[in-house]
Structures are given as C-alpha cells and as structure tokens.
Amino acid sequence: MEDHKVKFDDLKISLDLKNRNQLRREANGGNSILFTYPPVEEKLYIQKAKELLSNTEFKFIDIAALLVEFIDSDGWNDFKDYYEDFSLTPHIVFNSDDGAIDLMDLIIREILEAENSNLTPVLMRTGSLYGTGIENVNIMEHNSVMGLKQPLIIFYPVKIENDNILFLNFKPASKYRCTIID
C-alpha cells in the first residue's frame, strides 16, 4: 500500500497549480497525466482513487460505461453489423471524422463537462479502448484536452519495460504528450 500512496502523492504534486508549467514542459506541450499501474491491480487503484480524490474536485469518467452507451445508442445488432464491416479499421467506427456521434465524441463530451463544472477529468477503465482504434495519444492530442484549464488524468493499465509503456502489458503506447506517474 505504500507504493500506492506514493503514486497518489505524486499525482497531487503534479496537479498543483505551481507545477502546471513543468507538467506542460515534460509533456511536450501536452496537458495530460498518465497514472500507470499493473492491469491486475486496476480495481485496487480505482478504489483508492475514489477514496483519495474527492468528487467535488474530480470527475471520474468510466470508458467502459461510455463504450456500452455508444453500443446501446444504435442497438447491439446494428452496432455488430457496422463493426463487422469495419473490423479492420475500427477507428472508423469509434473515432471517425463524420458528424455521427462515436465513442471518441462521448469521451470528449465527458471531459468538457468536467471542465465546465471546474472538475479535473479522470479517465478510468481505459483498457476498454483496446480494439477501438482510439489510442491514448488521440485523446491527449485532442484540441479540447490540450486547452483544458486542468490536466486530464488517464488511469492507464500498463507494464513499463526498458522505458517503454506497454498498454495492457503488451501493446506499445505513446508517452509523448503526457507526464507519467509510475
């Protein structure tokens, strides 16, 4: 539990207003914090976050719930057919440039709702992004995220190996536009 406490203390230090310029320098102009942990400990970290981070200061955004909301918006059968048609290019389904609401739009909507409520947005259960074509860098480099008053916190299940971040312990992930808490 001491390791968990240190990580949450590091998060609070990173969020301190005095450290915002440093955060942007470390994040190559970005405005995001990747809060990393082993995937097998996700429940523990989410539980600790909800204990230690007040919901009067933070908005917890559950990516898995947004994925279900997105699928439910069209209904399972329509979603299934659409997904099968574009299974080799999932970003077309989940992060397209057309006018239809997709998963990325739902994520950005929640982030902006947090901003409008003067809350720090915290993305949780981000493992749900696997297979959607939405990478952490897509979120971190989004104009809305780059312009937030407060940094976006992304709870991110990874293994760090030789200075590389492996999302869900196997998929290389970007650390370009963020500060990493490991």
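Above: the structure in question.
*Asks:* Help me out: how do you make sense of the packing of aromatic side chains in this one?
*Replies:* Counting across every chain of the model gives 16 aromatic pairs. Measuring from centroid to centroid gives 5.0 Å for Y37 and Y45, while their planes differ by 20°, and the two rings are stacked. With relative accessibility at 1%, the residue Y45 sits in the buried group. For the ring pair Y37 and F155, a centre distance of 6.0 Å and an interplane angle of 55° mean the geometry is tilted. With Y37 in strand 1 (residues 32–37) and F155 in strand 4 (residues 152–161), the pair connects residues that are 118 residues apart, well separated along the chain. Residue class for Y37 comes out buried when judged on its relative accessible area of 1%. Its relative accessible area of 0% is what places F155 among the buried residues. Grouping aromatic residues by their ring pairs yields a cluster made of F8, F35, Y37, Y45 and F155.

*Asks:* Would you explain the nonpolar core in this entry?
*Replies:* Proteins that are soluble and globular tend to have nonpolar side chains buried together. Of all hydrophobic cores here, the largest spans 31 residues; its most connected members are L103, I107, I111, L123 and I139. Among the secondary structure elements, those contributing two or more residues to this core are helix 4 (63–74), helix 6 (91–94), helix 7 (103–116), helix 8 (136–140), strand 4 and strand 5 (164–167). The residues touching I107, leaving out its near neighbours within four places in the chain, are I63, L66, L123, L129, I134 and I139. Residues F35, Y45, A49 and V122 belong to the second largest nonpolar core, which totals 17 residues.

*Asks:* So what exactly am I meant to see when it comes to a negative patch on the surface here?
*Replies:* Taken together, D74, D78, D81 and D85 make up a surface patch of like negative charges. If one sorts the elements of the negative patch by residue count, helix 5 (residues 76–85) sits on top with 3 residues. Assignment of secondary structure puts D78 in helix 5.

*Asks:* Looking at this model, I keep getting lost on the environment of I92. Mind explaining?
*Replies:* Inspection of the secondary structure assignment puts I92 in helix 6. Using a relative accessible area of 28% as the deciding quantity, one classes I92 as partly exposed. Placed 10 residues apart in sequence, I92 and D102 show a C-alpha to C-alpha distance of 9.1 Å. Apart from the residues within four sequence positions on either side, I92 is in contact with Y82 and F86.

What counts, and where the lines are drawn
Residues numbered from 1 in each chain as written. Predicted model: local features only at pLDDT ≥ 70, side-chain atom pairs only at ≥ 80, totals over all residues. Heavy atoms only, no water. Phe/Tyr/Trp six-rings, centres within 6.5 Å; stacked < 30°, edge-to-face > 60°. Buried < 20%, exposed > 50% of the residue type's maximum accessible area, 1.4 Å probe, protein only. Helix = DSSP H or I, 4+ residues; strand = E, 2+ residues; numbered from the N terminus. Core = buried A, V, L, I, M, F, W, Y, C linked by side-chain atoms within 4.5 Å. Contact = heavy atoms within 4.5 Å. Patch = residues over 30% accessible without salt bridge, like charges linked within 9 Å, V, L, I, M, F, W, Y side chains within 5 Å. Areas by Shrake-Rupley, 256 points an atom, 1.4 Å probe, with all protein chains shown as cover. Salt bridge = Lys/Arg side-chain N within 4 Å of Asp/Glu carboxyl O. Lys, Arg positive; Asp, Glu negative; His and termini not counted. Charge placed at Lys NZ, Arg CZ, Asp CG, Glu CD.

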